[in-house]
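Observations on chain architecture
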Amino acid sequence: MASVVMDNQALLVIGDVGDNKTDRQVRTLYVVHEPRLDGFSQGKPVAGKLMQTIHFSFPDGPRDCESLAVDTSTKTIFLVSKVFALTCDVFQLPWPGQPTSRVSPLIARRVARINVPVATAMDISPDGRRAIIATYDETFEFARTSKESWQEAFGRPGRPVAMPSRLQGEAICYGQDGSTIYLTSQKYPSPFFEVSRTSNRSGDAR
């Protein structure tokens, strides 16, 4: 899931993209208006209105995927395959201007192969200059200049970023300030970490 602000609208992009058996030809992204959380602490349900459904396929057949991010500066969706190997592939989709269908899905384009093993989470900073990709226990950050494409940025080795130890890290994102990173794990206990990007030291988590 990715939380973004697009055209002054707060949106959630929810990916039905996992495929442990690698047998799903078409994947789906649901774009919803991010709901207000008023009353959430009192146990009241919240709901986000569905804005768009995006159907897509990978160009070379089914792939497992757990990493999803949106670059709002270029209106581009990024996905990273999850492979139990030393590398994984980065794919991109243009933000569709028209409805898509399962019969004629969008085809994601592979833009890079990166030296990141078993990618489990991803996010792109609000300014569209940095991408962070997490594995179960490592984190890598890629950066680009205003004149570079993401393909160029992903063509360089990612910078390792020290993060707190987690049992099974499968969630990471930038804060709206672009200088804070939030992360947690799938397995219990699942502490919620806040890390200052300026220091990137595990001791700064809280």
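Sequence order sets the numbering: in each chain, residues are counted from 1 along the sequence as written. Predicted model: local features are reported for residues with pLDDT of at least 70 only, side-chain atom pairs are reported and counted for 80 or more only, and whole-chain, interface and lining totals are derived from all residues. Think of the side-chain values as coming from all heavy atoms in the structure, minus any hydrogens and water.

Details of the pairing of strand 11 (residues 130–134)
Note on classification: 1.4 Å probe, protein chains only; a residue is buried when its accessible area is under 20% of the maximum for its type, exposed when over 50%, partly exposed between these limits. What counts as a helix is a DSSP run of H or I of at least four residues, what counts as a strand is a run of E of at least two, and both are numbered from the N terminus. Within strand 11, five of the five residues are buried, leaving the element largely enclosed by the surrounding structure. Here strand 11 shows no split at all, with R130, I132 and A134 on one side and A131 and I133 on the other all buried. Of the pairings in the sheet, the one linking strand 10 (residues 121–124) to strand 11 comprises four bridges and is antiparallel in character. The residue bridging A121 from the neighbouring strand is A134, located in strand 11. Linking strand 10 to strand 11, which pair antiparallel, is a turn of five residues; within it G128 sits at a positive phi near 75°. The rule for pairing is simple: two strands pair if DSSP sees at least two bridges between them. As defined by bridge partners, strand 11 adjoins strand 12 (residues 139–143) across five bridges and the pair is classed as antiparallel.

Thoughts on the state of the cysteines
Among covalent bonds in proteins, the disulfide is the one between the sulfur atoms of two cysteines. Only a pair of cysteine sulfur atoms within 2.5 Å counts as a disulfide in this structure description. By the definition in use, this model includes zero disulfides. Of all cysteine sulfurs, the one in C88 lies closest to C65, which takes part in no disulfide; the gap is 9.7 Å. The class of C65 is buried, set by a relative accessible area of 1%. With a relative accessible area of 1%, C88 lands in the buried category.

Topic: the sheet that holds strand 1 (residues 2–6)
Taken together, five strands build an open sheet; the order of strands is 1-2-3-4-8 and the sheet is mixed. Because the sheet does not close on itself, it has two edges, and the strands there are strand 1 and strand 8 (106–107). Sheet topology note: the strand 1/strand 2 (residues 9–16) ladder contains five bridges and is antiparallel. Residue pairing in the sheet places M6 in a bridge with Q9 of strand 2.

With respect to the side chain of D123
Looking at the secondary structure, you find D123 in strand 10. None of His or the chain ends enter the tally, which takes Lys and Arg as positive and Asp and Glu as negative. When a carboxyl oxygen of Asp or Glu lies within 4 Å of a side-chain nitrogen of Lys or Arg, that pair is called a salt bridge. Comment: no salt bridge for buried D123; closest opposite-charge side chain is R130, at 8.9 Å. For this analysis, a polar contact is any N or O atom pair within 3.5 Å, provided that within protein one partner can donate a hydrogen and the other can accept it, and provided that sequence-adjacent residues contribute only side-chain to side-chain pairs. From its side chain, D123 meets the backbone nitrogen of Y174 in a polar contact 2.8 Å long. Dropping the residues within four chain positions of it, D123 is found in contact with A69, R130, A131, I132, I172, C173 and Y174. Any two residues having at least one pair of non-hydrogen atoms within 4.5 Å are treated as being in contact.

Describing the packing of aromatic side chains
The description of an aromatic ring pair uses the distance of the two centres, along with the angle that the planes make with each other. Only the six-membered ring of Trp is used, alongside the rings of Phe and Tyr, when aromatic pairs are assigned; centres must lie within 6.5 Å, and planes under 30 degrees apart are stacked while those over 60 apart are edge-to-face, with the rest tilted. Across all of its chains, the model carries seven aromatic pairs by this definition. The interplanar angle of 85° and the centroid separation of 5.5 Å between the aromatic rings of F56 and F58 together place this pair among those described as edge-to-face. Like F56, the residue F58 is buried in the burial classification. Among the aromatic residues, those joined into a cluster by ring pairs are F78, F142, W150 and F154.

Observations regarding the pattern of salt bridges
Scanning the entire structure with this criterion turns up 12 salt bridges. The shortest N-O distance in the salt bridge between D89 and R63 comes to 2.8 Å. Linking D89 in strand 7 (residues 88–94) with R63 in the loop between strand 4 (50–57) and strand 5 (65–71), this pair joins segments that are 26 residues apart in sequence. R63 carries the same exposure label as D89, and that label is buried.

Looking at the nonpolar core
Membership of the largest hydrophobic core comes to 20 residues, with the highest contact counts inside it found for V13, L29, F56, V70, I77, L79 and W95. Counting residues per element, the ones that place at least two in this core are strand 1, strand 2, strand 3 (27–33), strand 4, strand 5, strand 6 (76–81) and strand 7. With near-sequence residues (within four places) excluded, L29 lies in contact with V13, I14, G15, V17, Q52, T53, I54, F56, L68, I77 and L93. In these notes, a set of buried Ala, Val, Leu, Ile, Met, Phe, Trp, Tyr and Cys residues joined through side-chain atoms within 4.5 Å is what counts as a nonpolar core.

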